[in-house]
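Given next are the chains, with one letter for each unit.
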2 protein chains.
Amino acid sequence: MEARDRGTTRRSPGRRPGPSETRQAILDAALRAFSTRGFRGASLRAIAADAGVDPALIRHFFGDKASLFAAAVADGSDVVARLVGAFEGGGPDLGRRVADAYLRLWEDPETLAVLRAILGTVLTSPEAMPPLRDMMLASVAVHAPGGAGSAGVMLAASQLLGLAVMRHILQVPALATLDREHVVAMVAPTIDRYLATEAAAG
Amino acid sequence: MEARDRGTTRRSPGRRPGPSETRQAILDAALRAFSTRGFRGASLRAIAADAGVDPALIRHFFGDKASLFAAAVADGSDVVARLVGAFEGGGPDLGRRVADAYLRLWEDPETLAVLRAILGTVLTSPEAMPPLRDMMLASVAVHAPGGAGSAGVMLAASQLLGLAVMRHILQVPALATLDREHVVAMVAPTIDRYLATEAAAG
DNA sequence: TCAAGAATTCCACAAGTGAGGAATGAGGGC
DNA sequence: GCCCTCATTCCTCACTTGTGGAATTCTTGA
């Protein structure tokens, strides 16, 4: 609720004095909304209200709703950039490092919001699913050993995704209350086994 | 698209001759809609149109939108009943049996729709999340060894959930094109390991 | 045969939706 | 000091949403 107070107070039109940080405020509010309500459930008016701003400003800055969504998720996401860092170097404890990097990602509130927004939108507006999926797969493809076509890599991804959903979205107590190191320790062997299986099977 | 033709044709009001199967038609259409659009994204009018029926009939049969949702997911779900069958018996190949039963569940279109609807709604209307989550956890709690509070059981669940999402919702090719036996074979050891870890750690 | 109830329609309403146009104010370059 | 650009407001439009009332037709039971 970091909305400026504008209950019934009319604020005269025209530019405000000083530099404007409204664009960023809109992006933040948009991410919050898309992340909790999904693309369709988030309304431009609610986003504007949360940002303490007139709805028409959204149109002025971003055009239409889809563009705002794109801008909001792009804004909060060096997500993949941070994830793929974990794949650098090879080494023996690859599974452990990947799992740890991935779970850290979800612990960052902004990243969580981005991922929630994407997942919610994928589940809730079918026409958006293929492009979003392919975008995510493409980013994995370049960096994972074996690429996005590899069943082993995708099994590892499925374990991490499921874990993140249960831990950070559904917030299942048995997983949400455990500290990250503990979870990583239990999951790392799984990741390693999937990646090794892949290497063997081609 | 099994909607009756009612483009511009006016159909006179009043009861239709013969027995009425409209209630079920509405439930089916509702499940389709909730499953692809989420709770908020699915509109009563669209559901009614898909069922070939006047929107007011929905209100007549089910009251409000939330009750329709409840009825729709309850209608298509002996889901949990079918899943927990896999836990009966103990035996050595528990992981294999559970994974197989679970994946079969998602291959049934109606069950897939139910699960999609629940997941989409959970992600997209936060107020619905705790009740739905607790409902699912409660059903697991009674049947899984160790109950819903056990990290091992929940880790196994996370693997299965993530797998189902990537295979049947995102439809990632590397997993969606594999036959079930193959996937089960790769995943079963993971499940067994999690459940065993749990048994050891208490 | 008649009445009660259930199934079905249309129409209306108030609220909310995304989009767009017109006006007003401030900043910055000349 | 003037003008162009940008940030900001308001109001409007056409449309969709969930909900509700009133009327019509069929089925069922007495």
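Residues numbered from 1 in each chain as written. Chains lettered and ligands numbered in written order. Predicted model: local features only at pLDDT ≥ 70, side-chain atom pairs only at ≥ 80, totals over all residues. Heavy atoms only, no water.

1. Some thoughts on the overall build of chain A
Worth spelling out the cut-off: Numbering of helices and strands runs from the N terminus, with a helix taken as a DSSP run of H or I at least four residues long and a strand as a DSSP run of E at least two residues long. Relative accessibility under 20% of the residue-type maximum defines a buried residue, over 50% an exposed one, and the middle range a partly exposed one, all with a 1.4 Å probe and only protein chains included. The contact rule is simple, with two residues in contact once any of their heavy atoms fall within 4.5 Å. We get accessible surface area from the Shrake-Rupley algorithm with a probe of 1.4 Å; when it comes to residues, only the shown protein chains can shield them.
When you go through chain A residue by residue, the secondary structure sums to 11 helices and zero strands. Traced from its N-terminal end to its C-terminal end, chain A shows the element sequence α-α-α-α-α-α-α-α-α-α-α. Counting every position in chain A, which comprises 202 residues, the buried fraction comes to 48%. For chain A, contacts bridging at least 24 residues in sequence account for 64% of all contacts bridging at least 6. A total accessible area of about 9,900 Å² is found for chain A, and carbon and sulfur atoms account for 58% of it.

2. A few points about the protein's contact with DNA strand C
The condition is simple: Any residue with a heavy atom positioned within 4 Å of a molecule or strand is treated as near that molecule or strand. Two N or O atoms count as a polar contact when they lie within 3.5 Å, although within protein this holds only if one can serve as hydrogen donor and the other as acceptor, and sequence-adjacent residues are included solely when both atoms are side-chain atoms. For this classification, the nonpolar set comprises Ala, Val, Leu, Ile, Met, Phe, Trp, Tyr, Cys and Pro, the charged set comprises Asp, Glu, Lys and Arg, and every other residue, Gly included, is treated as polar.
Near DNA strand C, the surroundings consist of 30 residues, among which Gly14 and Arg45 of chain A together with Arg11, Thr22 and Asp54 of chain B are the closest. Counting only atoms of DNA strand C within 4 Å of the protein, the sugar-phosphate share comes to 64%. Take threonine 22 of chain B: an N or O atom from its side chain is 2.6 Å from a phosphate oxygen of DNA strand C. Among the elements of the structure, helix H2 (44-51) and helix H3 (55-62) of chain A together with helix H3 (55-62) of chain B are those that each provide at least two residues to the surface near DNA strand C. It is H3 of chain B that provides the largest number of residues to the surface near DNA strand C, a total of four residues. In terms of residue class, the surface near DNA strand C is made up of 10 nonpolar, eight polar and 12 charged.

3. Here's the deal with the packing of helix H7 (residues 109-124) of chain A against helix H7 (residues 109-124) of chain B
Convention followed: Helix axes use the C-alpha atoms of the stretch in contact, all axes being lines fitted to C-alpha atoms, and the angles between their N-to-C directions lie in the range 0 to 180 degrees. In what follows, roughly perpendicular refers to angles from 65 to 115 degrees, roughly parallel to angles under 35, roughly antiparallel to angles over 145, and oblique to any angle outside these ranges. Helix crossings get a hand from a simple test, with the near helix turned counterclockwise from the far one by less than a right angle marking a left-handed crossing and a clockwise turn marking a right-handed one.
One can describe the packing of H7 of chain A onto H7 of chain B by two numbers: an axis separation of 9 Å at closest approach and a directional angle of 140°. One element, H7 of chain A, and the other, H7 of chain B, form an angle in the oblique class. With respect to the hand of their crossing, H7 of chain A and H7 of chain B are arranged in left-handed fashion. Along its contact with H7 of chain A, which presents Arg116, Leu119, Gly120, Val122, Leu123 and Thr124 of chain A, the element H7 of chain B presents Arg116, Leu119, Gly120, Val122, Leu123 and Thr124 of chain B.

4. Notes on the relation of the copies chain B and chain A
Heads up, the condition is: Here the copies are superposed with least squares, the fitted atoms being C-alpha atoms of residues at a pLDDT of at least 70 in both.
Overlay of chain B on chain A (RMSD 0.1 Å): rotation 180°, translation along the axis 0.0 Å. The relationship between the two copies is best expressed as a two-fold rotation axis. No C-alpha of chain B approaches the rotation axis more nearly than that of glycine 162 of chain B, which lies at 1.8 Å. When the interface residues of chain B are mapped onto chain A, 100% of them again fall at the interface, so both copies present the same face.

5. Things to note about the interface of chain B and chain A
Accessible area lost upon the coming together of the parts is a frequently used measure of interface size. To be explicit about the condition: Here the buried area means the combined drop in accessible surface, using a 1.4 Å probe, for two parts upon being joined, counting both sides. Counted as salt bridges are all cases of a side-chain nitrogen of Lys or Arg within 4 Å of a carboxyl oxygen of Asp or Glu.
Chain B puts 47 residues into the contact, and the matching count from chain A is 47 residues. Summed over both partners, the interface of chain B with chain A buries about 3,900 Å², with 66% contributed by carbon and sulfur atoms. The largest contributions to the chain B side of the interface with chain A come from Arg37, Leu123 and Met186 of chain B, which together make up 17% of the buried area. Applying the counting criterion to the chain B and chain A interface returns two salt bridges. The interface formed by chain B and chain A holds 20 residue pairs in polar contact (both at pLDDT 80 or more) in total. The greatest single-element share of the side of chain B that touches chain A, amounting to 12 residues, is contributed by helix H9 (residues 151-169) of chain B.

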